[in-house]
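Observations on chain architecture
One-letter residues, chain by chain:
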Amino acid sequence: MFSFPEKFKAKITDIVDLNSSTSSYMFEVVEGNCSYKAGQFVMLDFESPFEKSERVQRAYSVASRPNGKVFELCIERIKGGQAGTFLSSVQKDDVLDFKGPFGHCTLKDKESKQLIFAATGTGIAPIKAILEDLVQMQAENSIKVYFGMRYLKDLYYLTELKNLISNLKNAKLDICISKPENADHSYHTGRIQTQFDIESWDENTVVYACGNGNMVRDVRSKALVAGVDKKQILVEIFDS
Ligand SMILES: Cc1cc2nc3c(=O)[nH]c(=O)nc-3n(C[C@H](O)[C@H](O)[C@H](O)COP(=O)(O)OP(=O)(O)OC[C@H]3O[C@@H](n4cnc5c(N)ncnc54)[C@H](O)[C@@H]3O)c2cc1C
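Residues numbered from 1 in each chain as written. Predicted model: local features only at pLDDT ≥ 70, side-chain atom pairs only at ≥ 80, totals over all residues.

The sheet built from six strands is open, its strands ordered β10-β9-β8-β7-β11-β12 with parallel pairing. Two strands in the sheet have a free side with no partner beyond their single neighbour: β10 (188-189) and β12 (233-237). Summarising the sheet, strand β9 (residues 171-177) and β10 pair through two bridges and their orientation is parallel. By the bridge assignment for β10, Cys176 is matched with His188. (Pairing = 2+ DSSP bridges. Helix = DSSP H or I, 4+ residues; strand = E, 2+ residues; numbered from the N terminus.)

With that settled, consider the domain arrangement of the chain. Accessible area lost on assembly of the parts is the figure often given for the size of an interface. By the assigned domains, the chain splits into domain 1 (6-102) and domain 2 (114-237). A separation of 24 Å is found between the C-alpha centroids of domain 1 and domain 2. Contacts between the two partners involve 13 residues from domain 1 and, on the opposite side, 14 residues from domain 2. In terms of residue count, the dominant contributor to the side of domain 1 that touches domain 2 is strand β5 (residues 70-76) (three residues). Its residues assigned to classes, the side of domain 1 that touches domain 2 comprises six nonpolar, five polar and two charged. (Domains from an automatic or database assignment. Contact = placed C-beta atoms within 7 Å. Nonpolar A, V, L, I, M, F, W, Y, C, P; charged D, E, K, R; others polar.)

What follows covers helix α4 (residues 213-225). Counted at 1.5 Å a residue, the expected span for α4 with its 13 residues is 18 Å, and the 18 Å between its end C-alpha atoms agrees. Lining the buried residues of α4 we find β7 (114-120), β8 (143-149), β11 (205-211) and β12. Just downstream of α4, Gly227 is the residue with a positive phi angle, here 100°. (Expected span 1.5 Å × (residues − 1).)

Moving on: the site of the ligand. Around the ligand, a shell composed of 20 residues is seen, among which Gly81, Gln82, Ala83, Gly84 and Thr122 lie nearest. Here the shell around the ligand gets four residues from one element, more than from any other, and that element is strand β4 (residues 55-61). Here the shell around the ligand is composed, by residue class, of nine nonpolar, seven polar and four charged. (Near = placed C-beta within 6 Å.)

A few words on the sheet that holds strand β2 (residues 22-31). With antiparallel pairing, the six strands of this open sheet are ordered in space as β4-β3-β6-β1-β2-β5. Two strands bound the open sheet, and with one partner strand each, they are β4 and β5. Averaged over all adjacent pairs, the angle separating strand axes in this sheet is 40°, with direction ignored. Here β2 runs beside β5; their pairing, made up of seven bridges, is antiparallel. Residue pairing for β5: Phe27 is matched across the bridge by Phe71. (Axes fitted to C-alpha atoms, helices over the stretch in contact; angles between N-to-C directions.)

Tracing the chain through its elements places Lys7 in strand β1 (residues 6-17). By the C-beta count within 10 Å, which is 14 here, Lys7 ends up partly exposed. Sequence-wise, Lys7 and Gln193 are 186 residues apart; in three dimensions their C-alpha atoms are separated by 37 Å. Beyond its immediate chain neighbours, meaning those up to four positions away, Lys7 contacts Gly32 and Lys99. (Buried ≥ 20, exposed ≤ 12 C-beta atoms within 10 Å, placed from the backbone.)

Core analysis: the biggest nonpolar cluster contains 65 residues, and Phe117, Ala118, Ile127, Val207 and Ala209 have the highest contact counts within it. For this core, the element with the most residues is helix α2 (residues 124-136), which contributes seven residues. Beyond its immediate stretch of four places on either side in the chain, Ile127 contacts Phe117, Ala119, Val145, Tyr208 and Cys210. (Core = buried A, V, L, I, M, F, W, Y, C linked by C-beta atoms within 7 Å.)

It is worth spelling out α2 at this point. For α2, which comprises 13 residues, the first-to-last C-alpha distance of 18 Å matches the rise-based estimate of 18 Å (1.5 Å per residue) to within 8%. Burial in α2 covers these residues: Ile124, Ala125, Pro126, Ile127, Lys128, Ala129, Ile130, Leu131, Glu132 and Leu134. Following α2 by one or two positions, Gln138 adopts a phi angle in the positive range, close to 50°.

Here it is, written out as structure tokens:
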């Protein structure tokens with residue numbers, strides 16, 4: 001069912017640091033409604049920390065599947081950024097303003113198609129929500145998740161992603177570290193774009209790419225070259 005974006009307020013119930021600049025923010029809706037589909041995003045509406053009378057809006061993908069009034073955002077606080085600065089000062093029990101849901105990066109149907117997910121950094125947020133939905137519906141699709149991060153020290157959601165993958169019948173996780181601090185790791189070294197085996201992609205493949213703009217554009221091009229219908233390539237660029 002399609003949901004129109006609505007204004008709502010949500011209270012921060014927990015903040016868990018995932019690395020030095022990224023945290024998982026847990027929310028509970030306390031006013032209004034937010035019925036979203038896994039993969040959609042909400043707009044955080046806040047007072048600019050630099051220009052007190054100015055309101056600012058920023059998009060954040062929901063990192064958890066729909067579950068009543070609670071939801072999770074996974075946010076990297078960009079140093080010097082409007083939202084980055086604002087979010088550095090929020091704490092548990094603060095109530096924030098939102099509007100949503102928005103976006104079309106959602107599961108299209110339950111058909112047994114091959115699903116390819118590619119995410120860098122917080123681009124994993126909508127993909128985590130979709131994977132949670134796929135586990136819930138006991139999906140049997142062939143699923144491949146590529147998760148890229150620059151440094152080993154910044155990796156997060158490893159336990160969560162491994163659990164989700166192990167609860168799906170036919171899913172694999174491929175972690176790619178583009179600038180590992182050392183060689184002592186079991187992941188692929190390099191950008192995720194270089195890991196794809198696009199030979200297995202075809203008109204029945206649905207591709208989701210979220211996060212860094214260069215990665216998203218490369219994945220989109222590769223998918224088109226592999227013959228994936230452009231309507232089946234769903235992208236969200238976080239750094240515009
Ligand atoms: C559909 C959508 C979903 C998004 N979902 C998420 C999400 O789940 N988690 C999340 O952390 N972010 C997400 N973003 C990015 C988010 O909306 C903000 O752009 C980001 O948090 C920076 O906002 P800011 O106000 O702190 O920075 P700004 O004040 O807007 O910019 C400050 C500086 O940082 C640069 N910058 C802006 N965004 C980024 C970025 N993402 N990475 C690196 N540099 C940047 C700008 O070019 C500028 O130089 C999403 C964006 C879109 C469009």
